[in-house]
Structure formats: structure tokens, C-alpha cells
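# Summary of the model geometry
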Amino acid sequence: MANSPSGESVIHRVVRILAAFTDDSPALHLRELARTVGLPVSTVHRLVAELEVEGLLVRDDSGRLRHGHRMWEMASRGSRASSLREAALPPMEDLLNHTGNHVSLGVLEGTDVLYLERLAADDATINITRIAGRLPVHGCSAGLVFMAYAPEEEQERFLNRRLEKLTPDTVTDPERLRGILADIRRNGYVSMAGIIVEESSGISVPIFVEDQRAVGAITVIVPRGEEQLAVTIPQLQFAARAITRRLGYEPTARGMQRRSEPRPR
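This write-up is about the structure you can find in this document. Since the model is a prediction, treat every value here as computed from it, not as a measurement.

## A few points about the packing of helix α2 (residues 30–37) against helix α3 (residues 41–53)
- Close contact between α2 and α3 brings their axes to 9 Å; oriented N to C, the two are set at 110 degrees. Here α2 is positioned roughly perpendicular relative to α3, judged by the angle of their axes. Here the hand of the crossing between α2 and α3 comes out right-handed. Along its contact with α2, which presents Leu30, Arg31, Leu33, Ala34 and Val37, the element α3 presents Val41, Val44, His45 and Val48.
- Broken down by class, the residue content of the contact of α2 with α3 amounts to seven nonpolar, one polar and one charged.

Spelled out as C-alpha cells, the structure:
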């Protein structure tokens, strides 16, 4: 139900307020918050007061607002993302130790890849992924993996969108993208160099569950020109199968089959 002359609901305003806090601006004074969301200070003050009562926002010693722990608590309960992250962490840690490269776990969220986990290697190449950060589907290897295994109508929507050229190597031509998606389905992986950071390459494989549905993608970020696919791809695929098993599925001739009992963790 709308609660303002603009037709904007209270829930929409609350979401805007909560979404205003970012990695770059994790804490905001009330007036800063009002400017960021484009709402009157009085309106923001009223909504913030209720969010503070519920523990969704808290104030630090300087009086700035930030997310409260209850935000994390509520988001973690029963979350499929939380279950996937829990299943993926041990194989990701093994992959980090064996490759010495950054490792990330992403899921598809609209037209973006949302990153659930990121393990960093100190001396590796540039990696701009962040936990709870997003990258556009066409600008990361994980996104292209998701599109390769997406339903045909979703692929067509993707191929017919106007895609931003993020670097000189970002692929935006629909026919080239069709070829890349076909290669991913045939080979089971993708390696893309410099499509969002010119110095780095992303190598991704899907994490499958039932009906060959890709619920996630696991990626290693390596210095451009040092992909070593003959070594890296088997390690990535081994990690992806380990995650699938930890989610309670086993490979079969027709894809993935759910176990009658989940594997103990």
C-alpha cells in the first residue's frame, strides 16, 4: 500500500534506507542518509527510529548509523545462500591452498552475479570481487557460466540487452557471446581475460544440483597470461563436485540426484 504522495510505500522507503549503507559508506549521519536516499530528514528520522528499535540499525560512538547485527542474523536464517556458502567453504579453502590464487563463490541475482564468499591470496593479482558485492553478468566469468546454463528465453534477454563495454576486452557482441556460451556448455568451464580488470583472468565452473541447474559458480582469479588451464580446470571441477556432494547431491548418468539423507558435515 502506498503511503506517500509519490506513491512510494513505506517498505520501499525502508529498503532504500537499508541499502544506502555500502562498503564505501558503512556508517552515515542522519542528514547524510537523508541526502543519499533523497527523502526529507523528518521522514528518515521517523523510519530510522523504528529501525533502531528493531535492531536493524544502530548508532556508533560518533552518532553515525550503521547496520545492526540483527540484519545479519535475520538474513542468515534459512537462507539458501548461507547453505551454499557453508558447503563451499572447505573446498574453496583447499582450492586457495593448492592454486595460490583468489577464489570466489557467486550466485545469479537478476542481471548481476552476487558474491557470497571471497578468499584472497596475498600475492595474487587484482581481484575486485567483494563479499555481498556484485558484478554484471557479462563482465565476469561466473556470469557467463550462469548464462550458458540458463533457460533459452533468459539467454535471449541477455543477448538482446545493450551491454556496457567495461574494458577493451569486454565481449558485448551477441554473436561472439553465443559462441562463448556454446563453448561453456561443451567444455564445462570458461576462462575470460581482462573483461572487467585488464590485468586479470577469471576462470569459472558451475556448481550443479538437480536437472543440471547451476546454483552457483566457483571462480579463481589469476594474473593474465598465467591461466594454466590444464592444471586449474581439474582443480576447479573437483572443488565444484565436492560442493555439490556437500549440498546432498550425487552425479548420475542423467545429471545430479538428491541423496535420501544429506551427507553429514
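## Some remarks on the pairing of strand β3 (residues 102–109)
- Counting buried positions over the eight residues of β3 gives six, a clear majority of the element.
- In this structure, β3 lies alongside strand β8 (residues 214–223), joined through five bridges in antiparallel fashion. Pairing of Val103 across the sheet is with Val220, part of β8.
- Note that β3 and strand β4 (residues 112–119) share seven bridges and pair antiparallel. Pairing of Leu108 across the sheet is with Val113, part of β4.
- Remark: two residues form the turn of the hairpin made by β3 and β4, two consecutive strands paired antiparallel; Gly110 in that turn has positive phi of roughly 65 degrees.

## So, the sheet that holds strand β6 (residues 190–193)
- Pairing within the open sheet is antiparallel, and its six strands lie in the order β5-β4-β3-β8-β7-β6. Across the chains shown, the open sheet's two edge strands, defined by having one partner strand only, are β5 (134–136) and β6. The average angle at which neighbouring strand axes cross in this sheet is 30 degrees, direction not considered.
- Inspection of the sheet shows β4 paired to β5 by three bridges, in the antiparallel sense. The residue bridging Asp112 from the neighbouring strand is Pro136, located in β5.
- On the sheet, helix α6 (residues 141–148) packs against β3, β4, β6, β7 (200–208) and β8 and is oriented at approximately 145 degrees with respect to β8.

## Side note on the environment of Asn127
- Along the polypeptide, Asn127 turns up in the loop between β4 and β5.
- Along the chain, Asn127 and His102 lie 25 residues apart, while their C-alpha atoms are 7.2 Å from each other.
- Every residue in contact with Asn127, bar those within four places of it in the chain, is listed here: His102, Arg118 and Ile221.

Rules of the game
- Residues numbered from 1 in each chain as written.
- Predicted model: local features only at pLDDT ≥ 70, side-chain atom pairs only at ≥ 80, totals over all residues.
- Heavy atoms only, no water.
- Axes fitted to C-alpha atoms, helices over the stretch in contact; angles between N-to-C directions.
- Helix = DSSP H or I, 4+ residues; strand = E, 2+ residues; numbered from the N terminus.
- Parallel < 35°, antiparallel > 145°, perpendicular 65-115°, else oblique.
- Left-handed = near helix turned anticlockwise from the far one by under 90°.
- Contact = heavy atoms within 4.5 Å.
- Nonpolar A, V, L, I, M, F, W, Y, C, P; charged D, E, K, R; others polar.
- Buried < 20%, exposed > 50% of the residue type's maximum accessible area, 1.4 Å probe, protein only.
- Pairing = 2+ DSSP bridges.

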